[in-house]
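Examination of the molecular architecture
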Amino acid sequence: MSIDYEKLRERYTESRDKQLSSNHGLRLDVEAYCHAFGQEVYGIKMNGGSTLYLLRECIFDPNHKNGEAAIGQADDGKLFYQCFHDSCQGHTWKEAREVISGKDNLSRFMGSASGGEVSSMTGDLISIKPLVVIGVQEFIGLDLPPRSNILSPWLPEQGLAMIHAPRGVGKTHLALLVAYIVACGGKSFNGWHAPESKAVLFIDGEMPAAVLQERLSGIILGTGIEPQAPLNILTPDLQTNGMPDLGTKKGQVSMPKNFVPFLPE
Ligand SMILES: [Zn+2]
């Protein structure tokens, strides 16, 4: 009797992967998988219950670029391949996987072993990457850039600041003005100085869009300066489905792709 080892190995790998993906909500960490096999993830998009990992280049046709093709992951962890072009219709995850990683076993990208994990609290996909721990001697020898101010003297880089005052005093107005001055850069106002222009995302929680628009228009006309860096507005009034919780991964991936903070470099 002779055993066909190749066939046996293939069937074993397949059934083990199947078992892994159906077990305990374990799922493939698509980002880690793509990274390991040199596939650049261009962005992440939520589509209904599925997560689409947009690819820099389609697996099957390099002319399909910049997110036209994606590896998709359904709510239950099931994977699929999707390309926007007609010529790529019908390609399956199995085919894509074969091109990307051949017959490699994927268990190292499954579940909490080394990859993504589904939080039982929120249902969000959490990426687990090893933490950097560094010895004190090496740490004090690191060449770190000095901390600078976004707005001198009170708003430092990576700082948290809270403006508080009774209602009606003009906190929102002031926050808008600060956002504007920082995006313009190189200007002082009331003794506060923005050394250089910085991109600003202004997140508003409750103002009617029309009021926000009027106030901003007033600031633009009043200061007579123009932003040198992007100044973007996120306001619930312009959202058709309300605002998600931006503290969750789901909320964060619903931001436009240039605002998704955790894309691999
Ligand atoms: Zn394609």
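On a predicted model such as this, the values are computed, not experimentally measured, just so you know. (Residues numbered from 1 in each chain as written. Predicted model: local features only at pLDDT ≥ 70, side-chain atom pairs only at ≥ 80, totals over all residues. Heavy atoms only, no water.)

**Looking at the overall build of the protein chain**
Scanning the protein chain from N- to C-terminus turns up 8 helices and 12 strands. The 265 residues of the protein chain split such that 30% are buried. Partitioning the contacts of the protein chain with sequence separation of at least 6, the portion at a separation of at least 24 is 52%. Just so you have it, the protein chain exposes about 17,200 Å², and 54% of that area is on carbon and sulfur atoms. (Helix = DSSP H or I, 4+ residues; strand = E, 2+ residues; numbered from the N terminus. Buried < 20%, exposed > 50% of the residue type's maximum accessible area, 1.4 Å probe, protein only. Contact = heavy atoms within 4.5 Å. Areas by Shrake-Rupley, 256 points an atom, 1.4 Å probe, with all protein chains shown as cover.)

**Regarding the coordination of the zinc ion**
Ideal values differ by geometry: the angle at a metal is 109.5 degrees with four tetrahedral donors, but 90 or 180 degrees with six octahedral donors. On the protein side, the zinc ion has C58 (SG), H64 (ND1), C83 (SG) and C88 (SG) as donor atoms, found 2.1 to 2.3 Å from it. As a motif over one chain, the donors of the zinc ion read C-x5-H-x18-C-x4-C. Here H64 is found in the loop between β2 (50–57) and β3 (65–73), whereas its partner C83 is found in strand β4 (residues 79–83), with 19 residues between them in sequence. Here H64 matches C83 in class, with each residue buried. (Donors = N, O, S within 2.8 Å, 3.2 Å for Na, K, Ca; no water.)

**Brief notes about helix α3 (residues 93–101)**
Turning to α3, its buried residues number three or more, namely W93, A96, R97, I100 and S101. Angular distribution of buried residues about the axis of α3 spans 100°; they occupy a single face of the element. Exposed and oriented more than 90 degrees from the buried face of α3 are K94 and V99. Just past α3, the residue G102 takes up positive phi, approximately 55°. (Arc of directions from axis to C-beta.)

**Structural notes on the pattern of salt bridges**
Scanning the entire structure with this criterion turns up 6 salt bridges. Across the pair K103 and E98 runs a salt bridge, and its minimum N-O distance is 3.6 Å. Judged by relative accessible area, E98 falls into the partly exposed class, the value being 45%. Taking the shortest distance from any N to any O, the salt bridge between K198 and E157 comes out at 3.2 Å. You can see K198 sitting in the loop between β10 (192–194) and β11 (200–203) and its partner E157 sitting in the loop between β8 (155–156) and α6 (171–184), a full 41 residues away along the chain. Under the relative-accessibility criterion, K198 is labelled partly exposed at 22%. (Salt bridge = Lys/Arg side-chain N within 4 Å of Asp/Glu carboxyl O.)

**Observations regarding α6**
One full turn of an α-helix is made of 3.6 residues, so residues set three or four places apart face in the same direction. Given a rise of 1.5 Å per residue, 14 residues ought to cover 20 Å, and the 20 Å separating the end C-alpha atoms of α6 matches this to within 8%. Just downstream of α6, G185 is the residue with a positive phi angle, here 75°. (Expected span 1.5 Å × (residues − 1).)

**Observations concerning the pairing of β3**
Pairing of β2 with β3, which is carried by 6 bridges, proceeds in the antiparallel orientation. Bridging from a neighbouring strand, E57 pairs with K65 of β3. Here 5 bridges tie β3 to β4, and the two strands are oriented antiparallel to one another. Bridging across to β4, Q73 finds its partner in L79. Where β3 folds back onto β4 in an antiparallel hairpin, the turn is made up of 5 residues, including G77, whose phi is positive at roughly 95°. (Pairing = 2+ DSSP bridges.)

**Overview of the sheet that holds β2**
Overall, antiparallel pairing links the 4 strands, which are arranged β1-β2-β3-β4 in an open sheet. In this open sheet, the two strands that pair with only one neighbour each are β1 (41–47) and β4. Averaged over all pairs of adjacent strands, the angle between strand axes in this sheet comes to 25°, irrespective of strand direction. (Axes fitted to C-alpha atoms, helices over the stretch in contact; angles between N-to-C directions.)

**A word on the pairing of β1**
In terms of strand pairing, β1 meets β2 through 6 bridges, oriented antiparallel. Note on β2: the bridge partner recorded for M46 is T51. Count of turn residues in the β1/β2 antiparallel hairpin: 2 residues, of which G48 carries a positive phi of about 60°.

**Some remarks on the packing of aromatic side chains**
Any two aromatic rings considered together are summarised by their centre-to-centre distance and by the angle between their planes. Going through the model one piece at a time under the given rule, you end up with 7 aromatic pairs. Between F189 and W192, the ring centres sit 5.6 Å apart and the planes meet at 90°, which makes this aromatic pair edge-to-face. Exposure remark for F189: the relative accessible area of 15% places this residue in the buried category. With relative accessibility at 24%, the residue W192 sits in the partly exposed group. (Phe/Tyr/Trp six-rings, centres within 6.5 Å; stacked < 30°, edge-to-face > 60°.)

These figures come from the coordinates and say nothing about function on their own.
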